[in-house]
Amino acid sequence: MSEEVSLTDVAPVLAPAQSQDLALEFHGSAREYFRIWIDNLCLTLLTLGVFSAWAKVRKKRYFYSNITIDKTPFQYLAEPLPILKGRIIAVVLFAIYWFSSSFYLPALPWVLGAGVLIAPWVISRSAAFNARYSAFRNMTFQFRGNYLGAAQAIYWLGLIPLLVVGTMFEWWGHWQAAGFAFLVFFLLFPWWLSRVKHYMVSYASFGGERGEYSATGGQFFRVYFVAGLIVTGCGLLSAAAFWVVGPLSISSDWSLVIVSVPGYLGYMLGYAYIQANTNNLVWNHALLGPLRFRSTLTGSGMGKLYFTNAVGIIASLGLLTPWAVMRTLKYRADNMHVRVDGELSELTGGEASAVQAAGAELGAIFDVDLSL
């Protein structure tokens, strides 16, 4: 007599967790963003920069609301006043740096030393602020990184502190030693960048799920190596062009243009290749709980985008900047694919806490961008 099998015994087999692709889309338009952009620009100039905090919030809210996953938009929740306070602190600190570097050089090493100490706090607080005030389905992102973790990531092997202190206090004694130190740093830069990205991803979380990251420094090194070959090849073309046009009776202005074009082309192609492939590396090796990502940017696609954007902005005296921004965001969104193993409803919100904006604004004013 056969045994009777209940439905509950076979339910896990009959209903396994299914993977599904989620549509990521960008719906912004250049016409809509132009009105926001021109208003922000005029009001920021009229208020001597005070309105810039409100301008940032308006811009971010427009961007976030026009990025959707599975037809659900993102949300930007920050308010202007905390950002304004953070910017005031950032401007004061930048003024101290500018004054010491321009008028009182003896104080500059100490200012840079203070900068080395404060940089991990800036990076960790900037990431925490951006995560805390970014939301999806009414759940905010979180970033749990701390000062020590940031310091271990950005000051790996003590490379940056040694370069800063050594340069300012002239430890090297002669330029050959300084050049060797910087060469070592640039050779190790891909591994340094991979450690920083690991810190940014592994301490990020959403819906109670913490990020995971698996890309290696060797993978970043290959990207930079290929970009170096591209730049070197175009540099050789510039040298060849110099030898060709040198004996010819061509005006100096045209000769300069002919010689410079391959060099600028190499820089643009190398930069586009790095941007596309490092972005792909990070996203394709990042996990967030049940969420998987696949980025398909290409160096040629990014190069064409940068070139046409630059031509449009220069030809329009800057008025096509919103058009260029919208094209860039749409291209990135079209080449980002999201897959979830199961259902998005499985993600649950975590405890939210307010984060000060000073770190984020310090990072912005000193051009620190370590985001994904």
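A quick note: this is a predicted structure, and the numbers were derived from the prediction, not measured. (Residues numbered from 1 in each chain as written. Predicted model: local features only at pLDDT ≥ 70, side-chain atom pairs only at ≥ 80, totals over all residues. Heavy atoms only, no water.)

### Some thoughts on the overall build of the protein
As a reminder of what qualifies: Numbering of helices and strands runs from the N terminus, with a helix taken as a DSSP run of H or I at least four residues long and a strand as a DSSP run of E at least two residues long. Throughout, a residue-residue contact means that at least one pair of heavy atoms, one from each residue, lies within 4.5 Å. Methods summary: accessible areas were calculated by the Shrake-Rupley approach with a probe of 1.4 Å, and residue burial reflects only the protein chains presented.
Helices and strands together make up the secondary structure of the protein, namely 13 helices and 11 strands. Put simply, 74% of the contacts in the protein that link residues at least 6 apart link residues at least 24 apart. Of the accessible surface of the protein, which amounts to about 21,700 Å², a share of 67% is contributed by carbon and sulfur atoms.

### Topic: the pattern of salt bridges
Put simply, the rule is: Here a salt bridge means any side-chain nitrogen of Lys or Arg lying within 4 Å of a carboxyl oxygen belonging to Asp or Glu. Each residue is assigned to one of three classes by its accessible area relative to the maximum for its type, calculated with a 1.4 Å probe on protein chains only: buried under 20%, partly exposed between the two thresholds, exposed over 50%.
Counted according to the given criterion, the structure contains five salt bridges. Residue Asp341 is joined to Arg292 by a salt bridge in which the shortest nitrogen-to-oxygen separation is 3.5 Å. In this pair, Asp341 sits in strand E11 (residues 336-341) while Arg292 sits in strand E10 (residues 291-295), placing the two residues 49 residues apart along the sequence. Assessed through its relative accessible area of 27%, Asp341 is described here as partly exposed. You can call Arg292 partly exposed: its relative accessible area is 30%.

### Quick word on the side chain of Gln142
Note the following rule: We call two N or O atoms a polar contact when they sit within 3.5 Å, provided that within protein one can donate a hydrogen and the other can accept it, with sequence-adjacent residues counted only if both atoms are side-chain atoms.
In this structure, Gln142 sits in strand E6 (residues 139-143). Classification of Gln142 as buried rests on a relative accessible area of 9%. Separated by 3.1 Å, the side chains of Gln142 and Thr140 make a polar contact.

### Side note on the packing of helix H11 (residues 299-315) against helix H12 (residues 321-334)
For any two helices packed against each other, the geometry is given by the interaxial angle and the distance between the axes. Quick note on the threshold: Fitted lines through C-alpha atoms serve as axes, helices being fitted only where they are in contact, and the angles separating the N-to-C directions of these axes extend from 0 to 180 degrees. Any angle that falls under 35 degrees is termed roughly parallel, while one over 145 is termed roughly antiparallel, one within 65 to 115 roughly perpendicular, and all others oblique. Residue polarity is assigned by list, with Asp, Glu, Lys and Arg as charged and Ala, Val, Leu, Ile, Met, Phe, Trp, Tyr, Cys and Pro as nonpolar; anything else, Gly included, falls into the polar class.
Closest axis-to-axis distance for the H11/H12 pair is 9 Å, and the angle between their directions is 170°. Viewed along their axes, H11 and H12 adopt a mutual orientation that is roughly antiparallel. Taking contact as the criterion, the partners of Gly301, Met302, Leu305, Tyr306, Thr308, Asn309, Gly312 and Ile313 in H11 are, on H12, Thr321, Trp323, Ala324, Arg327, Thr328, Tyr331 and Arg332. A per-class count over the contact of H11 with H12 returns seven nonpolar, six polar and two charged.

### What about the packing of aromatic side chains?
In this description, a pair of aromatic rings is defined by centroid distance and the angle of the planes. The following threshold applies: We call Phe, Tyr and Trp rings a pair once their centres come within 6.5 Å, taking the six-membered ring for Trp, and we label the pair stacked below 30 degrees between planes, edge-to-face above 60, and tilted otherwise. Either the NZ atom of lysine or the CZ atom of arginine qualifies as a charge over a ring when it sits within 6 Å of the ring centre and within 35 degrees of the ring normal.
Tallied over the entire structure, the rule returns 27 aromatic pairs. Taking 6.4 Å as the distance between ring centres and 55° as the angle between the ring planes, the aromatic pair formed by Phe136 and Phe206 counts as tilted. Taken together, the residues span a long stretch of sequence, with Phe136 in strand E5 (residues 134-136) and Phe206 in strand E7 (residues 204-206) at a distance of 70 residues. For Phe136, a relative accessible area of 5% translates into the label buried. Taking the centre distance of 5.7 Å and the plane angle of 65° together, the rings of Phe185 and Phe186 count as edge-to-face. For Phe185, a relative accessible area of 11% gives the class buried. The lysine or arginine in question, Arg132, covers the ring of Tyr133, its NZ or CZ lying 4.9 Å from the ring centre. The ring of Tyr203 has Arg210 sitting right over it, with the charged end atom 4.6 Å from the ring centre.

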